[in-house]
Amino acid sequence: MTKPVSKSGLQRSQALPHRSRSRHQSIANQAVQPSLVTENIGFHLTMMVLLTGQIIIRLVRGRCNRRNMMEHLACAGPDAMMPVLLTNLFAGMIFATQSARELIRYGAIGQIGGAFAFGYIRELAPILTAAVFACQVGSAFAAEIASMKLTEQIDALKLLRTDPIDYLVMPRVLACALMLPFLTIIGLFVGVLGGLFITGVLYDVTAQTFLQGVHSSLAIMDVLSVLAKASLFGGAMAITSCSRGLTAACHGKGVGRSVTSAVVISWIVLFVIDFLVTVTTIVLSR
């Protein structure tokens with residue numbers, strides 16, 4: 001004989017499908033959320049601008065934790081060295097190969113080094129090095145600060161009367177602004193060696209012809225502008241990564257999204273800064 005179902009049991013059984021539908025609906029809503037770049041872009045840009053202003057004020061006042069800056073200098077350089085070298089090596093060979101193929105077709109073999117200096121050394125190498133640096137170091141900065149926020153370590157710093165910007169952000173920004181020019185110079189050297197090697201193997205371009213073209217097209221001011229641009233890239237990347245770490249949501253998914261969006265937004269900021277600096281340099285040189 002079957003046992004009669006009580007009224008409360010019937011209500012619970014009818015509520016289960018409703019809960020299941022609501023759970024699936026929430027998952028579906030999360031699946032169609034906006035992308036990492038378009039989500040709260042105004043808020044993130046505002047926070048980056050405000051953080052930049054606070055960093056400038058602290059630079060003027062000379063406030064920085066030098067011990068933390070030295071630690072980040074020691075970590076940022078070695079961690080990104082090998083990716084920077086490999087990227088610049090193959091990028092230099094690719095750029096030199098394509099440039100040499102077109103210039104040899106028009107009988108301008110002596111201009112291969114000049115084209116390499118104009119395109120690769122001035123523009124491509126700094127932005128590639130900064131992009132690799134953002135992926136390697138910037139993502140780590142965003143993950144560290146977001147994890148500290150998740151575990152309430154930043155709140156503990158405030159209780160100890162320690163400014164999180166002085167302790168966490170300033171050392172990272174200065175370390176990146178100082179380290180990225182050195183990595184850029186090393187990347188340029190490796191990229192030139194790669195272009196020199198591949199043009200000699202594929203097109204029988206002598207080392208003297210290639211290096212003479214680079215030397216005649218590259219001035220001291222070009223090298224200084226590359227270093228200044230690299231320092232600006234490093235500071236902007238660090239500000240973007242630290243800002244996304246400080247504004248991360250306090251859950252595991254928020255930490256992951258902050259790391260991913262830090263890399264994406266850093267790339268966009270780097271290309272915008274590169275465009276503005278290039279246009280400004282051309283306008284001032286007229």
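Below: a short report on this structure. None of the values given here were measured: they were computed from a predicted structure. (Residues numbered from 1 in each chain as written. Predicted model: local features only at pLDDT ≥ 70, side-chain atom pairs only at ≥ 80, totals over all residues. Heavy atoms only, no water.)

On inspection of all chains with the given rule, the structure shows eight salt bridges. Here Arg105 ties to Glu102 by a salt bridge, and the two come within 3.6 Å at their closest N and O atoms. On the criterion of helical spacing, the pair formed by Arg105 and Glu102 is a turn pair, its members being three residues apart in helix H3 (residues 66–105). Classification of Arg105 by relative accessible area gives exposed; the value is 57%. Residue Asp274 pairs with Lys229 through a salt bridge whose shortest N-O separation is 3.2 Å. (Salt bridge = Lys/Arg side-chain N within 4 Å of Asp/Glu carboxyl O. Helix = DSSP H or I, 4+ residues; strand = E, 2+ residues; numbered from the N terminus. Buried < 20%, exposed > 50% of the residue type's maximum accessible area, 1.4 Å probe, protein only.)

Turning our eyes to something else, we now look at the environment of Arg66. The residue Arg66 is located in helix H3 in this model. Looking at Arg66, the relative accessible area reads 57%, which means it is exposed. It is 9.5 Å that separates the C-alpha atoms of Arg66 and Leu174, two residues lying 108 residues apart in sequence.

Scanning the model with the defined rule gives five aromatic pairs in all. Residues Phe95 and Tyr120 carry aromatic rings whose centres are separated by 6.4 Å and whose planes lie at 45° to one another, so their mutual orientation is tilted. One end of the pair, Phe95, is in helix H3; the other, Tyr120, is in helix H4 (residues 112–150), with 25 residues separating them in the sequence. Consider the rings of Trp267 and Phe271, whose centres lie 6.3 Å apart with planes at 45°: the pair is tilted. In this pair, Trp267 and Phe271 are both assigned in helix H9 (residues 252–285), four residues apart and thus about one turn of the helix distant. (Phe/Tyr/Trp six-rings, centres within 6.5 Å; stacked < 30°, edge-to-face > 60°.)

This paragraph deals with unusual backbone geometry. Although it is not a glycine, Glu152 adopts a positive phi angle of roughly 65°. Secondary-structure assignment places Glu152 in the loop between H4 and helix H5 (153–159). The exposed category is assigned to Glu152, whose relative accessible area is 53%. One non-glycine residue, Asp204, adopts positive backbone phi at about 55°. With respect to the element layout, Asp204 can be found in the loop between helix H6 (164–203) and helix H7 (207–217). For Asp204, a relative accessible area of 63% translates into the label exposed.

A word on the side chain of Ser258. The residue Ser258 is located in helix H9 in this model. Residue classification places Ser258 among the buried positions, given a relative accessible area of 0%. Of note is the side chain of Ser258, whose polar atom sits 2.6 Å from the backbone oxygen of Val255. Leaving out residues up to four positions away in the same chain, Ser258 has contacts with Ala142, Ala146, Arg244 and Ala248. (Polar contact = N/O pair within 3.5 Å; in protein donor to acceptor, adjacent residues only side chain to side chain. Contact = heavy atoms within 4.5 Å.)

Structural remark: α-helix, 3.6 residues per turn; residues separated by three or four positions point the same way. With 39 residues, H4 extends 53 Å between its outermost C-alpha atoms, agreeing within 8% with the 57 Å of an ideal straight helix rising 1.5 Å per residue. When the local axis directions of H4 are compared, the greatest deviation, roughly 40°, occurs at Leu124, which is followed within four positions by the proline Pro126. Two residues or fewer past H4, Glu152 is found with a positive phi of approximately 65°. (Expected span 1.5 Å × (residues − 1). Bend = angle between axes of the 7 residues up to and from the residue.)

Take the side chain of Arg172 next. Among the structural elements, Arg172 can be located in helix H6. The buried category is assigned to Arg172, whose relative accessible area is 5%. Within polar-contact distance, the side chain of Arg172 engages the backbone oxygen of Leu168 at 2.8 Å. Excluding residues that lie within four positions of it along the chain, Arg172 makes contacts with His72, Phe141, Glu144, Ile145, Ala238 and Cys242.

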